[in-house]
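The chain contents come next:
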Amino acid sequence: MKFTSNHPHIIRRSIMNATQVMRRGLWALAALFLVGGLVFGQTYKNNGTINNTSTMSVGNFQNYRTSAGKVNNRGTINVSTNYTNSNGTLVGITHNQLGGTAGTIDVSGNYANSVGETHNSLAASLIKVGGTLTNGVFNNFVTDTGKVDYKAASAQTVLARVKNNKYGALSLTGGSSAIKTLDSSLTVEGLVTIASTTAFAVGSSNTLTLNAATPFSNSGTFTANASNATVTYNNSTDQSVTGGAYYNLTISNGGTKTVDNGASTVSVAAGGTLTNG
């Protein structure tokens, strides 16, 4: 493990307190600069600022203690249990990028934003969630450019309560016939990736709006025929349409829309609507 800083007293304090900190199962430094790897198996409580440019592996991460913490990440943060960005009062801030370079936050359990701020704002910024993603303040989870991967080998809810109800890209993985279902209406600017033996369901009364010219990389199952579910293909030029069963299907914003799964067909449910705009 290597620390670098323009403030030598921070490094000295970090090294001096490391044994005491690990015994307590937490880390609460004024500032921590990670340029090498850090492996920490218990609870990590951040009281100050972490600038991560390498790999940090922790058991349970809390971005607050007696005050809120801040994370700037352009490396990889692996969390084997839960990532908690706020305790409901203290506003932890997570930037999944640093100096124009994107980072990855890989959480095996839950990612809880509560009243915290999460900025997953570069095209290569990636948050992977194995449990439940929650966000308390509508505009405080920003991923309209970044990507979120729902990776559990079990059913998951795809959170639409993010800024502008918009993801830059969306990945559904995990296999084992895992079904990922939208909890509300959502727009995806880029690619929706569905892994093998994984299913993505729009869900009843929800609308999925797809803006990319090629909106799907689908090796699994896409389901859009729940009651009053709507899928809107909204690219302003030519756009591919994934084959399958829809309840409501809307073609909008010009261009030519072409079914992309070879011989697959597109069907609209009885009682549903095909809108060609």
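Just so it is clear, the model here is predicted, and its values are computed rather than measured.

S.K.: Mind showing me how you'd approach the pattern of salt bridges here?
M.R.: If charged atoms from side chains of opposite charge come close, those side chains can pair. As enumerated under the stated definition, the model contains three salt bridges in all. The partner of Asp106 in a salt bridge is Lys151, and the shortest N-O contact between them spans 2.5 Å. Taken together, the residues span a long stretch of sequence, with Asp106 in strand β11 (residues 104–107) and Lys151 in the loop between β17 (147–150) and β18 (156–158) at a distance of 45 residues. For Asp106, a relative accessible area of 16% gives the class buried. Taking relative accessible area as the criterion, Lys151 reaches 24% and is therefore assigned partly exposed.

S.K.: How do you make sense of the sheet that holds strand β27 (residues 221–223) when you look at a structure like this?
M.R.: One open sheet accounts for four strands, arranged β18-β21-β24-β27; its pairing is parallel. Each end of this open sheet is capped by a strand with a single partner; those strands are β18 and β27. Each neighbouring strand pair of the sheet contributes to a mean axis angle of 20°, computed without reference to strand direction. Pairing between strand β24 (residues 198–201) and β27: three bridges, direction parallel. Along β27, the bridge assignment pairs Ala199 with Thr221.

S.K.: What should I look at first to understand the sheet that holds strand β28 (residues 230–233) in this one?
M.R.: Note: strands within a sheet are paired through backbone hydrogen bonds, in either parallel or antiparallel orientation. Spatially, β19-β22-β25-β28-β31-β34 is the arrangement adopted by the six strands of the open sheet, whose pairing is parallel. On the outer flanks of this sheet lie β19 (166–167) and β34 (274–276), each paired with one strand and no other. Bridge analysis of strand β22 (residues 186–188) against strand β25 (residues 207–210) gives three bridges, and the strand direction is parallel. Its bridge partner lying in β25, Leu186 is registered against Leu208.

S.K.: Looking at this model, I keep getting lost on the side chain of Asn248. Mind explaining?
M.R.: Within the secondary structure layout, Asn248 lies in strand β31 (residues 248–251). Ignoring sequence-local partners within four residues, the contact set of Asn248 consists of Asn228, Ala229, Thr230, Val231, Gly272 and Thr273.

S.K.: Please explain the packing of aromatic side chains as it appears in this structure.
M.R.: Two aromatic rings, taken as a pair, are described by how far apart their centres are and by the angle between their planes. Scanning the model with the defined rule gives eight aromatic pairs in all. Residues Phe200 and Phe222 carry aromatic rings whose centres are separated by 5.8 Å and whose planes lie at 45° to one another, so their mutual orientation is tilted. With Phe200 in strand β24 and Phe222 in strand β27, this pair connects stretches of sequence that are 22 residues apart. Judged by centre distance (6.4 Å) and plane angle (65°), the ring pair of Tyr233 and Tyr246 falls under edge-to-face. In this pair, Tyr233 sits in strand β28 while Tyr246 sits in strand β30 (residues 244–246), placing the two residues 13 residues apart along the sequence. When sorted by exposure, Tyr233 lands in the same class as Tyr246, which is buried. Through a chain of ring-to-ring contacts, the aromatic side chains of Tyr44, Phe61, Tyr83, Tyr111 and Phe141 assemble into a single cluster.

S.K.: So what exactly am I meant to see when it comes to the environment of Asn165 here?
M.R.: Along the chain, Asn165 falls in the loop between β18 and β19. C-alpha separation for the pair Asn165 and Ser184, spaced 19 residues apart in sequence, amounts to 8.7 Å. Among residues more than four places away in sequence, those in contact with Asn165 are Phe138, Ala160, Ser185, Leu186 and Thr187. At 2.8 Å, the side chain of Asn165 forms a polar contact with the backbone oxygen of Ala160.

S.K.: When you look at unusual backbone geometry in this model, what are you seeing that I'm missing?
M.R.: Glycine aside, negative phi is the norm for most residues, and most peptide bonds take the trans geometry. Positive phi outside glycine occurs at Asn165, with the angle close to 50°. Judged by relative accessible area, which is 26%, Asn165 ranks as partly exposed. Located in the positive-phi region is Ser176, a residue other than glycine, with phi close to 55°. Looking at the element boundaries, Ser176 is found in the loop between β20 (169–172) and β21 (178–182).

Here is what the cut-offs are and how they apply
- Residues numbered from 1 in each chain as written.
- Predicted model: local features only at pLDDT ≥ 70, side-chain atom pairs only at ≥ 80, totals over all residues.
- Heavy atoms only, no water.
- Salt bridge = Lys/Arg side-chain N within 4 Å of Asp/Glu carboxyl O.
- Helix = DSSP H or I, 4+ residues; strand = E, 2+ residues; numbered from the N terminus.
- Buried < 20%, exposed > 50% of the residue type's maximum accessible area, 1.4 Å probe, protein only.
- Pairing = 2+ DSSP bridges.
- Axes fitted to C-alpha atoms, helices over the stretch in contact; angles between N-to-C directions.
- Contact = heavy atoms within 4.5 Å.
- Phe/Tyr/Trp six-rings, centres within 6.5 Å; stacked < 30°, edge-to-face > 60°.
- Polar contact = N/O pair within 3.5 Å; in protein donor to acceptor, adjacent residues only side chain to side chain.

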